[in-house]
Amino acid sequence: MKPLKVTSNFEVYDAVEELPETIQDLMKEAVLARDNAYAPYSQFKVGAALALDNQEVVTGSNQENASYPSGLCAERTAIYYAGARYPEAQIQNIAISAKSMKHKVDAPVPPCGACRQALVEYEVKQKAEIAVYFMGESGKVMKANSIKDLLPLIFDNSAL
């Protein structure tokens, strides 16, 4: 047996205002998308905004359904739309913001496991890292330089 140590590095910003201006603008788009989420069951709204290398910004919000597995997270809503609408574009950054209708969310909220897997698929496809910025409704913002920082032991086409 050999131990395997896996580490990830993140940057933590005290507030959105500390981010580069282009990322502040991207986070504003994520907040606008978040506020349009359809979350009548969980009361937990999430918005995502993708910055593409063709200068387009694609947004998504979580869309719930009474049949819970039929809903879709904000990150996957955005990334699948980007893949369908701009299949040749590369995703450079994603900004994510989450808000509960039950309590204040002031800690960063990362993508769920299913979204991490969907995001890493596009990172592998484009052979370039996607920076991930995530926050609650206010407070600190965390940055991962790559989806692989959030999902270090990825499952990709090399396993098939």
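Data block above holds the structure.
About the thresholds
- Residues numbered from 1 in each chain as written.
- Predicted model: local features only at pLDDT ≥ 70, side-chain atom pairs only at ≥ 80, totals over all residues.
- Heavy atoms only, no water.
- Helix = DSSP H or I, 4+ residues; strand = E, 2+ residues; numbered from the N terminus.
- Rg over C-alpha atoms; globule rule 2.2 N^0.38 Å.
- Buried < 20%, exposed > 50% of the residue type's maximum accessible area, 1.4 Å probe, protein only.
- Contact = heavy atoms within 4.5 Å.
- Areas by Shrake-Rupley, 256 points an atom, 1.4 Å probe, with all protein chains shown as cover.
- Lys, Arg positive; Asp, Glu negative; His and termini not counted.
- Charge placed at Lys NZ, Arg CZ, Asp CG, Glu CD.
- Pairing = 2+ DSSP bridges.
- Axes fitted to C-alpha atoms, helices over the stretch in contact; angles between N-to-C directions.
- Expected span 1.5 Å × (residues − 1).
- Core = buried A, V, L, I, M, F, W, Y, C linked by side-chain atoms within 4.5 Å.
- 1 Å grid on protein atoms, 1.4 Å probe; cavity = no way out; pocket = protein on both sides within 12 Å on 5 of 7 lines; lining within 4 Å.
- Points joined across faces, edges and corners; volume = space filled by probe spheres on them.
- Nonpolar A, V, L, I, M, F, W, Y, C, P; charged D, E, K, R; others polar.
- Salt bridge = Lys/Arg side-chain N within 4 Å of Asp/Glu carboxyl O.

Q: What's the story with the overall build of the protein in this structure? I'm lost.
A: The helix and strand tally for the protein stands at four helices and six strands. Listed N to C, the secondary structure of the protein is β-α-β-β-α-β-α-β-β-α in terms of helices and strands. A compact globule built from 160 residues should have a C-alpha radius of gyration of about 15 Å, and the protein, at 15 Å, falls within 12% of that. Along the first, second and third principal axes, the C-alpha atoms of the protein reach 45 × 40 × 35 Å. Counting the 160 residues in the protein, one finds 42% classified as buried. Summarising the internal contacts of the protein: among those between residues at least 6 apart in sequence, 69% fall at separations of at least 24. Put simply, the protein shows about 8900 Å² of open surface, and 52% of that area lies on carbon and sulfur atoms. Positive and negative charge centroids in the protein, built from 16 and 20 side chains respectively, lie 6 Å apart.

Q: Help me understand the sheet that holds strand 5 (residues 131–135) in this model?
A: The strands making up a sheet associate through backbone hydrogen bonding, with each pair oriented either parallel or antiparallel. Read across the sheet, six strands follow the order 1-6-5-4-2-3 without closing on themselves; strand pairing throughout is mixed. Pairing within the sheet leaves two strands with one partner each, and these edge strands are strand 1 (10–13) and strand 3 (57–61). Between one strand and the next, the sheet's axes are offset by a mean angle of 15°, whatever the strand orientation. As judged from the four bridges shared by strand 5 and strand 6 (residues 141–144), these two strands associate in the antiparallel manner. Looking across to strand 6, one finds that Phe134 is bridged to Met142. Packing of helix 1 (residues 21–35) onto the sheet brings it into contact with strand 2 (44–52), strand 3, strand 4 (91–100), strand 5 and strand 6, and relative to strand 4 it is tilted by some 45°.

Q: Looking at this structure, I do not really get unusual backbone geometry. What am I missing?
A: For Gln55, which is not a glycine, the phi torsion comes out positive at approximately 75°. Among the structural elements, Gln55 can be located in the loop between strand 2 and strand 3. Residue Lys127 is not a glycine yet carries a positive backbone phi of 55°. Checked against the element boundaries, Lys127 lands in the loop between helix 3 (113–126) and strand 5.

Q: Would you mind showing me how to read helix 3 here?
A: Residues that lie three or four places apart on an α-helix share one face, since the helix turns once every 3.6 residues. Counted at 1.5 Å a residue, the expected span for helix 3 with its 14 residues is 20 Å, and the 20 Å between its end C-alpha atoms agrees. Along helix 3, the residues that are buried comprise Cys115, Arg116, Ala118, Leu119, Val120, Tyr122, Glu123 and Gln126. In this structure, the buried side of helix 3 is in contact with helix 2 (74–85), strand 4 and helix 4 (147–150). Just downstream of helix 3, Lys127 is the residue with a positive phi angle, here 55°.

Q: Would you explain the nonpolar core in this entry?
A: For soluble globular proteins, the rule of thumb is that nonpolar side chains tend to be buried together. Within the largest apolar cluster, 25 residues are counted, with the highest numbers of intra-cluster contacts made by Leu50, Leu52, Ile91, Ile94, Ile96 and Val132. Where this core is concerned, the elements lending two or more residues are strand 2, helix 2, strand 4, helix 3, strand 5 and helix 4. The residues contacting Leu50, other than those within four sequence positions of it, are Leu26, Glu56, Val57, Val58, Ala78, Ile79, Ala82, Ile91, Asn93 and Ile94. Membership of the second largest hydrophobic core comes to 14 residues, among which are Val16, Leu26, Ala95 and Tyr133.

Q: Looking at this model, I keep getting lost on the layout of surface pockets. Mind explaining?
A: Rolled over the atoms, a probe as big as a water molecule pinpoints where empty space is left. Estimates place the volume of the largest pocket at around 290 Å³. If you trace the largest pocket, you find 20 residues lining it, with Val46, Asn62, Glu64, Leu72 and Cys73 closest to the centre. Elements represented by at least two residues in the lining of the largest pocket include exactly strand 2, helix 2 and strand 4. Looking at the lining of the largest pocket residue by residue, the classes come out as 13 nonpolar, five polar and two charged.

Q: Where do I start with the side chain of Arg76 in this structure?
A: Its location among the elements puts Arg76 in helix 2. Buried charge Arg76 goes without a salt bridge, the closest partner of opposite sign being Glu75 at 6.4 Å. Dropping the residues within four chain positions of it, Arg76 is found in contact with Cys112, Ala114, Cys115 and Ala118.

So, to be careful, I would describe these as geometric facts and stop short of saying anything about function.
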